[in-house]
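Understanding the architecture of this molecule
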Amino acid sequence: MKQQITIALPDASYEAAAVAVLAGLYHVEPWSKLLPDLTPQQQVQAAVLADMWQLPTASQKAVEILQAAAQSAVMLSAVLEQLLCQPAVPQFLLPLFERALLCPYGDLEAVWSPGSTSLQESLLALPLQAVELLLASNELKVSMTSPRLP
């Protein structure tokens with residue numbers, strides 16, 4: 001009799017990521033070949049699933065692929081969107097999360113400039129973990145000039 005294992009996923013969008021992680025686990029193909037074929041969102045999902053399933057090699061490979069792909073603002077935006085959907089971002093993804101946050105919000109003076117209303121609204125809508133990470137970043141640009149007093 002064959003043994004059957006049931007895996008619960010957060011939602012159906014995780015299926016491609018789960019298949020890639022499991023295929024790597026069972027040596028169908030190495031993770032270095034499976035993960036690059038996924039979208040940035042699925043790569044984040046693969047990293048999260050690998051972490052949940054305690055597969056550090058798969059998590060590390062997914063992060064390496066994400067970091068290499070996240071050279072453009074478009075890719076960073078896709079990564080940020082997926083990380084913001086996570087209830088909690090795993091510790092090993094925090095450097096990538098910080099980098100993705102700094103892309104749109106890294107210069108607070110620009111965020112609060114006139115005409116940046118949608119950027120201001122999206123910043124104010126960030127979850128607490130994201131705001132804390134952004135504010136703790138040494139790369140966050142904040143104007144050091146103070147207004148002149150009368």
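Here, the structure is the one placed above.
A brief report on the enclosed structure follows. Here the structure is a predicted model, which means the values were calculated and not measured.

The rules behind these values
Residues numbered from 1 in each chain as written. Predicted model: local features only at pLDDT ≥ 70, side-chain atom pairs only at ≥ 80, totals over all residues. Heavy atoms only, no water. Helix = DSSP H or I, 4+ residues; strand = E, 2+ residues; numbered from the N terminus. Rg over C-alpha atoms; globule rule 2.2 N^0.38 Å. Buried < 20%, exposed > 50% of the residue type's maximum accessible area, 1.4 Å probe, protein only. Contact = heavy atoms within 4.5 Å. Areas by Shrake-Rupley, 256 points an atom, 1.4 Å probe, with all protein chains shown as cover. Lys, Arg positive; Asp, Glu negative; His and termini not counted. Charge placed at Lys NZ, Arg CZ, Asp CG, Glu CD. Axes fitted to C-alpha atoms, helices over the stretch in contact; angles between N-to-C directions. Left-handed = near helix turned anticlockwise from the far one by under 90°. Nonpolar A, V, L, I, M, F, W, Y, C, P; charged D, E, K, R; others polar. Disulfide = S-S within 2.5 Å.

**Details of the overall build of the chain**
Helices and strands together make up the secondary structure of the chain, namely nine helices and zero strands. Element order for the chain, N to C, with α for helix and β for strand: α-α-α-α-α-α-α-α-α. Computed over C-alpha atoms, the radius of gyration of the chain comes to 19 Å, more than 25% over the 15 Å expected from 2.2 N^0.38 for 150 residues, which places it beyond the range of a compact globule. In terms of overall dimensions, the chain has a C-alpha envelope of 85 × 25 × 25 Å along the principal axes. The burial tally for the chain puts 38% of its 150 residues in the buried class. Within the chain, contacts between residues separated by at least 24 positions form 60% of all contacts whose residues are at least 6 apart in sequence. When the accessible area of the chain is evaluated, it comes to approximately 9,500 Å², of which 58% is carbon and sulfur surface. Taking the average place of the 6 positive charges on the side chains of the chain and the average place of its 13 negative ones, the gap between the two points comes to 8 Å.

**A few points about the packing of helix 5 (residues 73-84) against helix 6 (residues 94-105)**
The contact between helix 5 and helix 6 brings their axes to 9 Å, and the two run at 115°. In the crossing of helix 5 with helix 6, the sense of the turn from one axis to the other is left-handed. Within the contact between the two elements, helix 5 uses A73, L76, V79, L80, L83 and L84 and helix 6 uses L96, F97, R99, A100, L101, C103, P104 and Y105. Within the contact of helix 5 with helix 6, the residues separate by chemical class into 13 nonpolar, no polar and one charged.

**Description of the state of the cysteines**
All told, the structure shown has zero disulfides when counted by the stated rule. No disulfide involves C85; its nearest neighbouring cysteine sulfur is the one of C103, lying 17 Å away. Assessed through its relative accessible area of 56%, C85 is described here as exposed.

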